[in-house]
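A closer look at the structure
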Amino acid sequence: MKHLMSPLDLSVEELDRLLDLANDIEAHPSRYSHSCEGKKLATLFYEPSTRTRLSFEAAMLNLGGSVLGFSSADSSSASKGESVSDTIRIISCYADICAMRHPKEGAPLVASMKSSIPVINAGDGGHQHPTQTLTDLLTIRSLKGRLGDFTIGLCGDLKFGRTVHSLIQALVRYPNVRFVLISPEELRLPDNVRDGVLKKSGQEFREEVRLEDAIPELDLLYMTRVQRERFFNEEDYIRMKDFYILDTEKMKLAREDMLVLHPLPRVNEISTEVDDDPRAVYFKQAQYGVYVRMALILTLLGIEV
Ligand code: NCD
């Protein structure tokens, strides 16, 4: 049985097959609408979520399966002190597959060790968010036509932003990806990702503070929210939160074919006036998230259509 804890749990070939499947689902949704009949997905969310939880649920419903779960730690037995290990043993009796989001890094991994059903990490603290990465890869491959041979700017909270950590891990495996890491000094990419993943991969990268200095050369701009919930004090958050605001003026500096991605939710980092720019693809990206989660559920359950 396979779990998904980090994007590296899938080889590049497995990832390719998964993205192909997601594209086929997008093209022929009705072919898949009964493929998970009788199967249940549990969503165990100890941290807030809109897109990830609901897109998992929509994905399972689109496949003809059913869903159960909870959307906050307060409404689960965690509030009575139950451990993740005990919870997952119980959930294994009720469901065929589960997606877990937890504020503690490594909690889904602990769960996977005690689980008799596939566990998908739906975000663990500031660590990893592999299904957002699958969404990002599908979006890039579908709209840019390739994975590799491009320059990507990652902008915002690179310290706490788990989507960035997972995306970098996944992208270094493709040819010729140049990274521009755009963040304030205090929110720079952690050393374990900068040195342990980027430097080690041999891919070209550099760090910038000003978005204006990087934007003209980018093929892709991945914006992120400052992760308020991971700050130790509110004052630091307030100082950092509006450090970057992508607006129509800055978009004028960008290439005609640069794509803007964002895992969402957005706060102020992209002005709403950018939404009408054809280069802004973050809402499409959310739609791709459903197709790729459908493909993932089918793959982990070993269901062939
Ligand atoms: C992201 C997350 O939860 O890390 N959201 C998401 O899943 N789409 C990004 C964020 O919360 O900023």
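Residues numbered from 1 in each chain as written. Predicted model: local features only at pLDDT ≥ 70, side-chain atom pairs only at ≥ 80, totals over all residues. Heavy atoms only, no water.

**A look at the overall build of the protein chain**
Note the threshold: Put simply, DSSP H or I for four residues or longer makes a helix, DSSP E for two residues or longer makes a strand, and each gets a number counted from the N terminus. Relative accessibility decides the category of a residue: with a 1.4 Å probe and only protein chains considered, values under 20% of the type maximum give buried, values over 50% give exposed, and everything between is partly exposed. Exposure was quantified through the Shrake-Rupley algorithm and a 1.4 Å probe, taking into account, for residues, occlusion by the shown protein chains and nothing else. His is not counted, nor are the chain ends; Lys and Arg add positive charge and Asp and Glu add negative charge. Every charge is mapped to an atom, namely NZ of Lys, CZ of Arg, CG of Asp or CD of Glu.
For the protein chain, the count of helices and strands is 11 helices and nine strands. Dimensions of the protein chain, computed from the C-alpha atoms along their principal axes, are close to 55 × 45 × 40 Å. Here the protein chain holds 305 residues, and 55% of them are scored as buried. Roughly 13,100 Å² of accessible area belongs to the protein chain as shown, and the carbon and sulfur atoms make up 49% of that amount. Between the mean site of the 37 positive side-chain charges and the mean site of the 45 negative ones, the protein chain shows a separation of 3 Å.

**Quick notes on the environment of Ser116**
Turning to its location among the elements, Ser116 is positioned in the loop between helix H4 (107–114) and strand E4 (119–124). The class of Ser116 is exposed, set by a relative accessible area of 55%. Taking the C-alpha atoms as reference, Ser116 lies 29 Å from Leu138; in sequence the two are 22 residues apart.

**Quick notes on the packing of helix H1 (residues 12–27) against helix H11 (residues 282–301)**
Here is the rule: Inter-axis angles, ranging from 0 to 180 degrees, are taken between N-to-C directions of lines fitted to C-alpha atoms, where helices are fitted over the stretch in contact. Note on terminology: angles under 35 degrees are roughly parallel, angles over 145 are roughly antiparallel, angles of 65 to 115 are roughly perpendicular, and the others are oblique. Two helices that cross are described as forming a left-handed crossing if the nearer one is turned anticlockwise from the farther one by less than a right angle, and a right-handed crossing if clockwise. Note on contacts: a residue pair qualifies if any of its non-hydrogen atoms lie within 4.5 Å across the two residues. Basically, the charged four are Asp, Glu, Lys and Arg, the nonpolar ten are Ala, Val, Leu, Ile, Met, Phe, Trp, Tyr, Cys and Pro, and anything else, Gly included, counts as polar.
Relative orientation of the contacting elements H1 and H11 amounts to 120 degrees, with a least axis distance of 8 Å. In terms of orientation, H1 and H11 fall into the oblique class. Handedness of the crossing formed by H1 with H11: right-handed. Contacts between H1 and H11 involve Leu18, Leu19, Leu21, Ala22, Ile25 and Glu26 from the first element and Tyr288, Tyr291, Val292, Met294, Ala295, Leu296, Leu298 and Thr299 from the second. Here the residues of the contact of H1 with H11 sort into 12 nonpolar, one polar and one charged.

**So, the sheet that holds strand E8 (residues 220–223)**
The strands making up a sheet are joined through hydrogen bonds of the backbone, oriented either antiparallel or parallel. Heads up, the rule is: Two strands qualify as a pair provided DSSP detects at least 2 bridges between them.
Here five strands make up an open sheet; going across it, the order is E7-E6-E5-E8-E9 and the pairing parallel. With partners counted over all chains shown, the strands left at the sheet margins are strand E7 (205–208) and strand E9 (259–261), one partner each. Across the sheet, the axes of successive neighbouring strands diverge by a mean angle of 20 degrees, strand direction being ignored. As judged from the three bridges shared by E8 and E9, these two strands associate in the parallel manner. Residue pairing across strands places Leu221 opposite Val260, the latter belonging to E9. In the packing of helix H5 (residues 130–144) onto the sheet, contacts are made with strand E5 (150–155), E8 and E9, and the angle to E9 comes to roughly 165 degrees.

**Focus on the site of the ligand**
Keep this limit in mind: Nearness is judged by heavy atoms alone; a residue qualifies as near a molecule or strand once a single heavy atom is within 4 Å of it. Pairs of N or O atoms within 3.5 Å make up the polar contacts considered here, provided that, within protein, one atom can donate a hydrogen while the other can accept it, and that residues adjacent in sequence are counted only when both atoms are side-chain atoms.
In the region of the ligand, the neighbouring residues are Arg51, Thr52, Arg101, His129, Gln132, Arg162, Thr163, Arg225, Gln227, Pro263, Leu264 and Pro265. Gln132 has a polar side-chain atom sitting 3.2 Å from a nitrogen atom of the ligand. Within the contact set of the ligand, an oxygen atom lies 2.8 Å away from a side-chain nitrogen or oxygen of Gln227. Broken down by secondary-structure element, the contributors of at least two residues to the shell around the ligand are helix H2 (51–62) and helix H6 (162–171).

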